[in-house]
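The lines below spell out each chain.
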Amino acid sequence: MNNLSQTAPAENAGRSKLAALNEWVAQVAALTQPDAIHWCDGSDAENATLVAQMEADGTLIRLNEQTHPRSWLHRSHPDDVARVEHLTFVCTTAQDDAGPNNHWMSPADGHAKMDELFAGCMKGRTMYVVPYCMGPIDSPLSRCGVEITDSPYVVANMRIMTRMGAPALARIEREGTFVRGLHSIGELDPNRRFIMHFPEELTIKSYGSGYGGNALLGKKCHALRIASHQAKSEGWLAEHMLILGLENPQGETHYVAAAFPSACGKTNLAMLIPPEGYRKDGWKVWTIGDDICWMRPGADGRLYAINPEAGFFGVAPGTSINSNPNALKTVSHDTIFTNVAMTADNQPWWEGLGEGKPVIDWRGNDYDSSNGPAAHPNSRFTVSASQCPSYSPRAEDAQGVPISAIVFGGRRASLVPLVFEARDWTHGVLVGAAMGSETTAAATGAVGVMRRDPMAMKPFCGYNFGDYFGHWLSFDREGVKLPKIFHVNWFRKGDDGKFLWPGFGDNLRVLEWMIKRVKGEAGAQETPIGNLPTTDDINVEGLSLSEEAKAKLFGFDRTGWRAEFDSIGEFLREYGPRMPQALHDEQQRIAQSLAE
Ligand code: GDP
Ligand code: PGA
Ligand code: MN
Ligand code: MN
């Protein structure tokens, strides 16, 4: 069949030094009945074998070797292109622990439902045992897991997205604990698809999808849903945030963590290239992570953050040499593309790339514009972070980087100004809790509908939002030096329906103002919703902003915010007694000052 060192299930019992791992692998094999088992070591040879096998069976299509060396296109099942929030469950003993923010099932029912699906599902397939580490392998902030999957595509992606293989297995054997993730693509039938989490058992079961967020279990399932639950009890934070370093002309670097919902600009901000003038003056952005951030107070009381991932699983459409040149350089070799289109000479193509022409669409059909976009709107690239030109030298730092500012943001066509600063930590937690954003193609369902997505964690918080906000508030204590909190909106639209802010590289102007605020060097106007810069406080030189743009980006619409705060109050009340009183009080204080 192939030359991987795989063994029949019966001979596989003692592969690891950790009895608990061997037993679990044996149990899963007994349930799923694979033809063979392969323990992944993460080596180049192993990857080459898997890739060759996937090329042979059509799972991977080789892209143009001249323009995109060692890069591949994968076409998923057309019904399996995004995360499925309606099929994602958190199974805690008490339903209230999962909260109104999650779909819930009892652990017993959840296991029964999943084990029925998994029974015999790997017959005729190879089962891969994938040990991985989330975070630098030597970091005390890192955590490990093992994913069992029947998808070689998942193995190849996990190798890019995590520290996968022998070193991770060694750490797992040393520590004795690991998150158990069981995955099968099953029949790829949307009616037989569930993503189930058992945070109390550090266990994940995912069936019926090969899509990244559903199938690469280290990412959303472990590093956010399970980790957030773990972080609550251990006193740290697992967040849906990018991490970047902003270096100023004096050579100082400040680290910023920012939470935006899926497809709202994290990867772009993390890889930002400053506008020309700033570049000349010596400004630089360093990339640490583009999606997930784990942080905890360090010995000096500041919050220290690591990126638990080793790669980027980024949105392709909209990525161009103008919008995100760093991303484009990053994906110029050794990249797996999923659901993009292809040009006549087998180069990957997507809407907004700005060059080339699609000939084959993401489904593999001849491109015809009447069938919709050539690339799926949620088409993605998987690539090692180490290939990014702006990858920070501190990204592998076992201790993490100290965070100076936390940013929340959403996609809001109206009302919400470009940027404002929270007055203090409690206000900042309310700003995060009250976040709203228009939905995107990253999850199945309608696009462009405004919903509350607190801290960009609506799809990812593994426990009750009331408890989660309480956990955030608990960091406001003696000995912790908290970062400042801000809110941004790159997506405010004018009466003509066009974005009012140029965005992308020019977002540096907003970051500059934030860091100046942190250092007490920039002004702001105080309003009930927070501190807003005027066009004197923030550098808008060289931008041609219309009067409408200036008014909407830097203005405060009291009437509009009154209605927004009524809706925020309603949202907080949905959580009943678990919602911290401090957030109700803060909401009411602001609502009152808006009424004055
Ligand atoms: P992520 O999923 O949060 O990492 O978001 P991405 O950085 O991949 O961006 C998602 C989409 O938003 C892409 O189509 C980007 O081109 C677009 N985008 C990102 N940043 C900006 C911005 O500052 N302004 C505008 N108008 N669009 C942006
Ligand atoms: P994103 O990551 O935040 O870059 O879109 C994937 C996701 O959240 O589904
Ligand atoms: Mn994400
Ligand atoms: Mn991203």
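Remember, it's a predicted structure, so these values are computed and weren't measured experimentally.

> Quick one: what's the story with helix α12 (residues 425-433), residue by residue and with numbers?
Since there are 3.6 residues in each turn of an α-helix, residues three or four apart along the chain are aligned in direction. α12 sits mainly inside the fold: nine of its nine residues count as buried. Measuring from the side-chain oxygen of the N-cap residue of α12 to the backbone nitrogen of threonine 426 gives 3.3 Å; that N-cap residue is aspartate 424.

> Can you lay out the sheet that holds strand β22 (residues 380-384) for me, pointing to particular residues and giving the numbers?
Spatially, the five strands line up as an open sheet ordered β2-β3-β19-β22-β18, and their pairing is mixed. At either end of the open sheet lies a strand with only one pairing partner, and these are β2 (61-62) and β18 (311-315). Both strand β19 (residues 336-338) and β22 contribute to a ladder of three bridges, which runs antiparallel. For isoleucine 336, the partnering residue across the bridge sits in β22 and is threonine 382.

> Tell me about the environment of arginine 159, and please be specific about residues and values.
With respect to the helices and strands, the residue arginine 159 is situated in helix α5 (residues 152-161). The contact partners of arginine 159, leaving out residues within four places of it in the chain, are Gly42, Ser43, Asp44, Asn47 and Met164.

> Give a detailed account of the UniProt feature "binding site: GTP" (unreviewed entry) in the protein chain, specifying residues and quantitative values.
Taking the UniProt record as the reference, the feature "binding site: GTP" (unreviewed entry) is found at Ala263, Cys264, Gly265, Lys266, Thr267, Asn268, Arg380, Arg411, Phe504, Gly505, Asp506 and Asn507. In summary, the annotated positions, distributed over 245 residues, remain apart in three dimensions as well, the widest C-alpha pair reaching 24.3 Å. Tracing the sequence through the fold places alanine 263 in the loop between β14 (253-259) and α9 (266-270). Take asparagine 507: its relative accessible area is 4%, and that puts it in the buried class. Filtering out sequence-adjacent residues up to four positions away, asparagine 507 remains in contact with Leu269, Leu272, Trp490 and Trp501.

> Please give an account of the pattern of salt bridges that cites residues and values.
Under the criterion given, the structure shown has 37 salt bridges. Aspartate 115 is paired through a salt bridge with lysine 205; the nearest N and O atoms lie 2.8 Å apart. A residue pair is termed long-range when its members are at least 10 positions apart, and aspartate 115 in helix α4 (residues 107-118) and lysine 205 in strand β11 (residues 203-207) qualify at 90 residues. Residue classification places lysine 205 among the buried residues on the basis of a relative accessible area of 10%. Ionic contacts of the salt-bridge type, sharing partners, join the residues Lys219, Lys220, Lys266, Asp291 and Glu309 into one network.

> Now, about the site of ligand 2: what can you tell me, with residues and values included?
The immediate surroundings of ligand 2 are formed by Arg83, Lys220, His240, Ser262, Ala263, Lys266, Asp291, Arg380 and Phe460. With respect to ligand 2, the side chain of lysine 266 contributes an N or O atom lying 2.7 Å from an oxygen atom. Look at ligand 2: alone it shows 270 Å² of surface, and the protein chains cover 97% of it. A breakdown of the residues in the shell around ligand 2 according to their chemical character gives two nonpolar, two polar and five charged.

Reading guide: rules and limits
- Residues numbered from 1 in each chain as written.
- Chains lettered and ligands numbered in written order.
- Predicted model: local features only at pLDDT ≥ 70, side-chain atom pairs only at ≥ 80, totals over all residues.
- Heavy atoms only, no water.
- Buried < 20%, exposed > 50% of the residue type's maximum accessible area, 1.4 Å probe, protein only.
- Helix = DSSP H or I, 4+ residues; strand = E, 2+ residues; numbered from the N terminus.
- Polar contact = N/O pair within 3.5 Å; in protein donor to acceptor, adjacent residues only side chain to side chain.
- Pairing = 2+ DSSP bridges.
- Contact = heavy atoms within 4.5 Å.
- UniProt positions renumbered as here; feature names shortened; annotations may be inferred.
- Salt bridge = Lys/Arg side-chain N within 4 Å of Asp/Glu carboxyl O.
- Near = heavy atom within 4 Å.
- Areas by Shrake-Rupley, 256 points an atom, 1.4 Å probe, with all protein chains shown as cover.
- Nonpolar A, V, L, I, M, F, W, Y, C, P; charged D, E, K, R; others polar.

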